[in-house]
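Remarks on the overall topology
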Amino acid sequence: QVQLVESGGGLVQPGGSLTLSCAASGDIFRLNAMAWYRQVPGKQRELVATSTTGGDTNYPDSVKGRFTVSTDNAKNTMYLQMNSLKPDDTAVYYCYGHIMGSRGTARDYWGPGTQVTVSS
């Protein structure tokens, strides 16, 4: 089993920055792919950033140029640097991981989420 725990959320003013962290623990052989999603009440969960073992990253247009995802494989931790935050970025941010365990089986895992509020 693997546990994902997000941290770093909070209240920030428009134009400000935040860095989210997602720490993975448990039976981890390899982080195959990691991603950040976000969700606001009444809406579907939205993909924010993806990161693969090959180092490829992808972002939707809504955050491209403002958000940067990175992964420290030695620490089994993924980060999301968010700059130039807007009120529309307000949401619960979730960490997702497609993670391979020591037995060679990869599974999907989600963190419980961390609230990000952008408001003056």
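Heads up: the structure comes first, above all this text.
Residues numbered from 1 in each chain as written. Predicted model: local features only at pLDDT ≥ 70, side-chain atom pairs only at ≥ 80, totals over all residues. Heavy atoms only, no water.

On to the environment of Ala 35. Inspection of the secondary structure puts Ala 35 in strand E4 (residues 30–39). Sequence separation between Ala 35 and Tyr 79 is 44 residues, and the spatial gap between their C-alpha atoms is 9.6 Å. (Helix = DSSP H or I, 4+ residues; strand = E, 2+ residues; numbered from the N terminus.)

Let's shift gears to the environment of His 98. Structurally, His 98 is set in strand E9 (residues 91–100). Look at His 98 and you get partly exposed, because its relative accessible area is 27%. The sequence separation of His 98 and Met 34 amounts to 64 residues, and the corresponding C-alpha distance is 6.3 Å. If near-sequence neighbours (up to four positions away) are discounted, His 98 is found in contact with Arg 30, Leu 31, Asn 32, Ala 33, Ala 106, Arg 107 and Asp 108. Of the polar contacts made by the side chain of His 98, one reaches the side chain of Asp 108; its length is 2.7 Å. (Buried < 20%, exposed > 50% of the residue type's maximum accessible area, 1.4 Å probe, protein only. Contact = heavy atoms within 4.5 Å. Polar contact = N/O pair within 3.5 Å; in protein donor to acceptor, adjacent residues only side chain to side chain.)

Another aspect to go through is the packing of aromatic side chains. One pass over the full model with this rule turns up 3 aromatic pairs. Ring centres of Tyr 96 and Trp 110 lie 5.2 Å apart, and the angle between their planes is 55 degrees; this geometry places the pair in the tilted category. With Tyr 96 in strand E9 and Trp 110 in strand E10 (residues 106–110), this pair connects stretches of sequence that are 14 residues apart. For Trp 110, a relative accessible area of 40% puts it in the partly exposed group. What links up through ring pairs into an aromatic cluster is the set Tyr 37, Tyr 96 and Trp 110. Against the face of Tyr 94 rests Arg 45, its NZ or CZ located 3.7 Å from the ring centre. (Phe/Tyr/Trp six-rings, centres within 6.5 Å; stacked < 30°, edge-to-face > 60°. Lys NZ or Arg CZ within 6 Å of the ring centre and 35° of its normal.)

Across the sheet, which stays open at both edges, the 4 strands sit in the order E1-E3-E8-E7 with antiparallel pairing between neighbours. Strands with a single pairing partner mark the edges of an open sheet, and in this sheet they are strand E1 (2–7) and strand E7 (67–72). Within the sheet, the average angular offset between the axes of one strand and its neighbour, ignoring direction, is 15 degrees. (Pairing = 2+ DSSP bridges. Axes fitted to C-alpha atoms, helices over the stretch in contact; angles between N-to-C directions.)

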